[in-house]
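Residue-level structural notes
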Amino acid sequence: MAGRTLYDKLWDSHLVTQRDDGSALIYIDRHLLHEVTSPQAFEGLSLAGRTPWRLAANLATVDHNVPTENQSAGVSAIEDPTSRLQVQTLDENCDAFRVTQFKMGDPRAGIVHVIGPEQGATLPGMTVVCGDSHTATHGAFGALAHGIGTSEVEHVLATQCLVAKKMKNMRVTVTGPLGFGVTAKDVILAIIGQIGTAGGTGCAIEFAGEGIQSLSMEGRMTVCNMAIEAGARVGLVAVDEKTIEYVKGRPYSPQGADWDRAVEAWTDLVSDSDAKFDHEVVVDGTVIEPQVSWGTNPEMVTGISGHVPNPKAIDDPIDRGAIERALKYMGLEADQPIESIRLDRVFIGSCTNSRIEDLREAAKVVDGKRVADSVIQAMIVPGSGLVKEQAEKEGLDVIFREAGFEWRDPGCSMCLAMNADRLGPGEHCASTSNRNFEGRQGAGGRTHLVSPAMAAAAAIAGHFVDVREWL
Amino acid sequence: MQQFVKETGLVVPLDRSNVDTDQIIPKQYLKSIKRTGFGVNLFDDWRYLDPGEPGMDHATRRLNPDFVLNDSRFSGASILLARDNFGCGSSREHAPWAILEYGFKAVIAPSYADIFFNNSFKNGLLPVVLAESEVDTLFALATAETPIEITVDLESQTVTGPEGFSASFDIDPFRKTCLLEGLDEIGLSLKDADSIKAYEAKRAVDAPWLFRD
């Protein structure tokens, strides 16, 4: 038998039934829910008189709409009435259907893709879905994880399965070693810059090679998180000792004899050496430098030593038009050096970069320095209540506050600006989030995607700088 | 689910690639807990000149005269013509909800983002994939002075239009059946309830740590 990829193995072990028409039913081990994409699903379930197939597979939290200030005041204190109603609706649905939920203010609450791994609710070998495209994050654990729409949220609640068709296998091998001061965020932005925003469409991408293996679990989550920005619903990394070490002892992790059996099973969660991939891409990890996006989608990115492109140099009329439109929206000049881009706000947070290591990296850069006077606001939004607690134990909050950063409560915050945290029209933001789409962080806002260290350095300098010179 | 069998209608040419879901329906409208009310905010940032918020009277907002959806020649259109990677970005199903509620029944593009593509089928919106050259031809036809009407026929898997335009498209057989018959996918899956239970029983033996409920 030909070797199987990691994705093949995960698919095979979750196949409930293969239908004649090519579709299949796939079993879902973990379903994560949040307030934005679930209300219509719960409503559909009620209207049809259905109940959740397997309650214990579900875990819910509120993250997109929650304020990042004064969460202890409770849901009733959320100022925006539509946000408040959506958060209340999840509370009511979880209570009515008896779904486990970490409510706002619970220290275990936070961004859904941060808390899953943090709780051990995401385990190697699982299928994990959530009504959010960044569910790809959980693939860092050798889990088959992807985002779904609201109809599928309802489908998973009702059946514990999804109707699926097998994706293609793609492997992105990042050679190593990575250069000094180069982070997981730089790696994934460089990958997207190389393969494009649709480079992985229809595929499950396995990230491999020394450049990936050398990353911590948190770094691998950052990489898998943005697989969707390369068009792939699924990002994967093979299981190794780091995976198992990370999972060990978490609240939802297996224990005792279960743990030993699980670890034995998980060691097989790697692609066989003779496995065939439909697409193979090699990225030279040794030449990646800190990345900064200059345009309005994540493939519009370059290294810190680079320049904004000149549309006149582009032959394809559609690509040229897209760059011209992006430069106009971003208020940038062709050929402008990246280092000359000045920032109005800095946002460190989001499901891409709000874990403890991200905050440590940023704190190391800002320690003893001050946010530039020209920067209106620099904010740190931890990914969960537990990340916040840990950072405070380490004194990171003091470093940030003394440098002039705002230290906030957990949530999605300015990544998509559904709560009060947002950019004003025309403002440039160094952001550790995942999407630089027009208006994503606020109508007219101009997002530059960077790593936490790069965002921190930009906050201090007031413009982009090569953080490697600061380390 | 809403059926899709055949649609004949005016075509709106949206000539840009990588149209993301934040453009299709901006996040402030995702705070709604309903499935309806999104059509008026489809392409909100491009369609209106003033910033939009939920609860506004959108009929009184200033329209962007340069945006194709506001061109009166295309009023009543039911087919959206787009470029590569349409619907990239988030998993929000509000995107197909908004497109449908505006009045579109089908989208035609050379490629789509996976989640958007999948979400469309669940709601009776047909995302047709045509070759780049066929899409180019349709853009040339649709951007001429007089708007064009075309027919998307799911049964025969064809798109036909003026000047002898004719193209065929592929579609997954399961999705085709669901669309043609307007089937309830959950109901269909629940017919396999015994298979699901059998899978769980076997899996609980092989991987018991996943079933410590």
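As a starting point, this report considers the structure included with it.

What counts and how
- Residues numbered from 1 in each chain as written.
- Chains lettered and ligands numbered in written order.
- Predicted model: local features only at pLDDT ≥ 70, side-chain atom pairs only at ≥ 80, totals over all residues.
- Heavy atoms only, no water.
- Core = buried A, V, L, I, M, F, W, Y, C linked by side-chain atoms within 4.5 Å.
- Buried < 20%, exposed > 50% of the residue type's maximum accessible area, 1.4 Å probe, protein only.
- Contact = heavy atoms within 4.5 Å.
- Phe/Tyr/Trp six-rings, centres within 6.5 Å; stacked < 30°, edge-to-face > 60°.
- Helix = DSSP H or I, 4+ residues; strand = E, 2+ residues; numbered from the N terminus.
- Lys NZ or Arg CZ within 6 Å of the ring centre and 35° of its normal.
- Buried area = accessible area lost by both parts, 1.4 Å probe.
- Salt bridge = Lys/Arg side-chain N within 4 Å of Asp/Glu carboxyl O.
- Polar contact = N/O pair within 3.5 Å; in protein donor to acceptor, adjacent residues only side chain to side chain.
- Nonpolar A, V, L, I, M, F, W, Y, C, P; charged D, E, K, R; others polar.
- 1 Å grid on protein atoms, 1.4 Å probe; cavity = no way out; pocket = protein on both sides within 12 Å on 5 of 7 lines; lining within 4 Å.
- Points joined across faces, edges and corners; volume = space filled by probe spheres on them.
- Patch = residues over 30% accessible without salt bridge, like charges linked within 9 Å, V, L, I, M, F, W, Y side chains within 5 Å.
- Areas by Shrake-Rupley, 256 points an atom, 1.4 Å probe, with all protein chains shown as cover.
- Lys, Arg positive; Asp, Glu negative; His and termini not counted.
- Charge placed at Lys NZ, Arg CZ, Asp CG, Glu CD.
- Pairing = 2+ DSSP bridges.
- Axes fitted to C-alpha atoms, helices over the stretch in contact; angles between N-to-C directions.

On to the nonpolar core, then. Considering soluble globular proteins, one finds that nonpolar side chains tend to be buried as a cluster. Grouped together as the largest cluster of nonpolar side chains are 106 residues, with contacts concentrated most on V172(A), V174(A), I191(A), F207(A), I212(A) and W266(A). Ignoring anything within four residues of it in the chain, the contact list for W266(A) reads L123(A), P124(A), V239(A), I244(A), V247(A), P254(A), W259(A) and W209(B). Counting residues in hydrophobic clusters, the runner-up holds 86 residues, among them A326(A), A77(B), Y112(B) and F116(B).

For the rest of this paragraph, the subject is the packing of aromatic side chains. All names here are of chain B. What the rule picks out here adds up to 19 aromatic pairs over all chains. Aromatic pair W46 and F67: ring centres 5.9 Å apart, planes at 50°, arrangement tilted. Residue W46 is found in helix α2 (residues 44-47), and its partner F67 is found in the loop between α2 and β2 (79-81); the two are separated by 21 residues along the sequence. The buried category is assigned to W46, whose relative accessible area is 9%. Aromatic side chains Y112 and F117 sit 5.5 Å apart centroid to centroid with 35° between the ring planes, which places their arrangement in the tilted category. Looking at F117, the relative accessible area reads 21%, which means it is partly exposed. Among the aromatic side chains, those forming a connected cluster through ring pairs are F86, Y112, F116, F117 and F121. Its end group placed over the ring of Y48, R61 keeps NZ or CZ at 3.9 Å from the ring centre. Taking NZ or CZ as reference, R83 lies 3.9 Å from the ring centre of F139, over its face.

Contact residues are listed per partner, giving 59 residues for chain B and 73 residues for chain A. For the chain B and chain A pair, buried surface summed over both sides reaches about 5500 Å², with 54% attributable to carbon and sulfur atoms. One can count 10 salt bridges joining chain B with chain A. Across the pair D258(A) and R212(B) runs a salt bridge, and its minimum N-O distance is 2.6 Å. Viewed at the interface, chain A and chain B are joined by 36 residue pairs in polar contact (both at pLDDT 80 or more). Contributions of two or more residues to the side of chain B that touches chain A are made by α1 (21-24), α2, α3 (94-102), α4 (114-121), α6 (173-181), α7 (185-190) and α8 (193-206) of chain B. Residues belonging to the side of chain B that touches chain A are distributed by class as follows: 20 nonpolar, 15 polar and 24 charged.

Roughly 990 Å³ of internal volume is contained in the largest pocket. Along the walls of the largest pocket sit 42 residues, with K165(A), K166(A), D114(B), F117(B) and R175(B) positioned nearest its centre. Elements with a contribution of two residues or more to the lining of the largest pocket: α1 (6-12), β6 (127-130), β7 (144-147) and β8 (161-164) of chain A together with α4 and α6 of chain B. With 4 residues, α4(B) is the single largest residue contributor to the lining of the largest pocket. Here the lining of the largest pocket is composed, by residue class, of 23 nonpolar, 8 polar and 11 charged. Estimated volume of the second largest pocket: approximately 540 Å³. Along its surface, the second largest pocket is lined by 16 residues, and Y329(A), E438(A), D45(B), W46(B) and N64(B) are the ones closest to its centre. At the level of secondary structure, the elements contributing two or more residues to the lining of the second largest pocket comprise α11 (317-330) of chain A together with α2 of chain B. Class assignment for the residues of the lining of the second largest pocket results in 6 nonpolar, 3 polar and 7 charged.

On the surface, a cluster of negative charge is made up of E299(A), D315(A), D316(A), D319(A) and E132(B). Here E132(B) shows up in helix α5 (residues 132-142). Owing to a relative accessible area of 39%, E132(B) belongs among the partly exposed residues under this scheme.

The next subject is the sheet that holds strand β12 (residues 279-283) of chain A. Residue and element names in this part refer to chain A. Strand order across the open sheet formed by 4 strands is β11-β10-β9-β12, with parallel pairing between neighbours. Both edges of this open sheet fall to β11 (234-236) and β12, since each of them pairs with a single strand only. Direction aside, neighbouring strands of the sheet carry axes that sit 20° apart on average. Relative to β11, strand β10 (residues 203-208) is paired through 3 bridges, and the arrangement is parallel. Residue I205 lies in a different strand from β11, and its bridge partner there is G235. Contacting β9 (168-174), β10 and β12, helix α6 (residues 184-195) crosses the sheet at an angle of about 125° to β12.

For the rest of this paragraph, the subject is the side chain of R345(A). All names here are of chain A. For R345, the location among the structural elements is in strand β15 (residues 345-348). In terms of polar contacts, R345 uses its side chain to reach the side chain of Q377, at 2.8 Å. If we skip the residues at most four places from it in the chain, R345 touches V375, I376, Q377, M414, R422, L423, G424, E427, H428, C429 and A430.

This part covers the sheet that holds strand β1 (residues 6-13) of chain B. All names here are of chain B. Across the sheet, 7 strands lie side by side as β4-β3-β2-β1-β5-β6-β7; this open sheet has mixed pairing. Strands with a single pairing partner mark the edges of an open sheet, and in this sheet they are β4 (126-129) and β7 (166-168). The mean angle between the axes of side-by-side strands here comes to 25°, regardless of whether they run parallel or antiparallel. Where strand β6 (residues 158-160) lies against β7, 3 bridges are found, and the strand directions are antiparallel. In the sheet register, T158 faces β7, and the bridge partner there is S168. Packed on one face of the sheet, α5 meets β1, β2, β3 (106-109), β5 (149-153) and β7 and runs near 110° to β2.

Here the focus is helix α4 (residues 112-119) of chain A. All names here are of chain A. With 8 of its 8 residues buried, α4 lies for the most part within the structure. Where α4 is concerned, the buried positions are V112, H113, V114, I115, G116, P117, E118 and Q119. G120 sits one or two positions beyond α4 and adopts a positive phi of about 75°.

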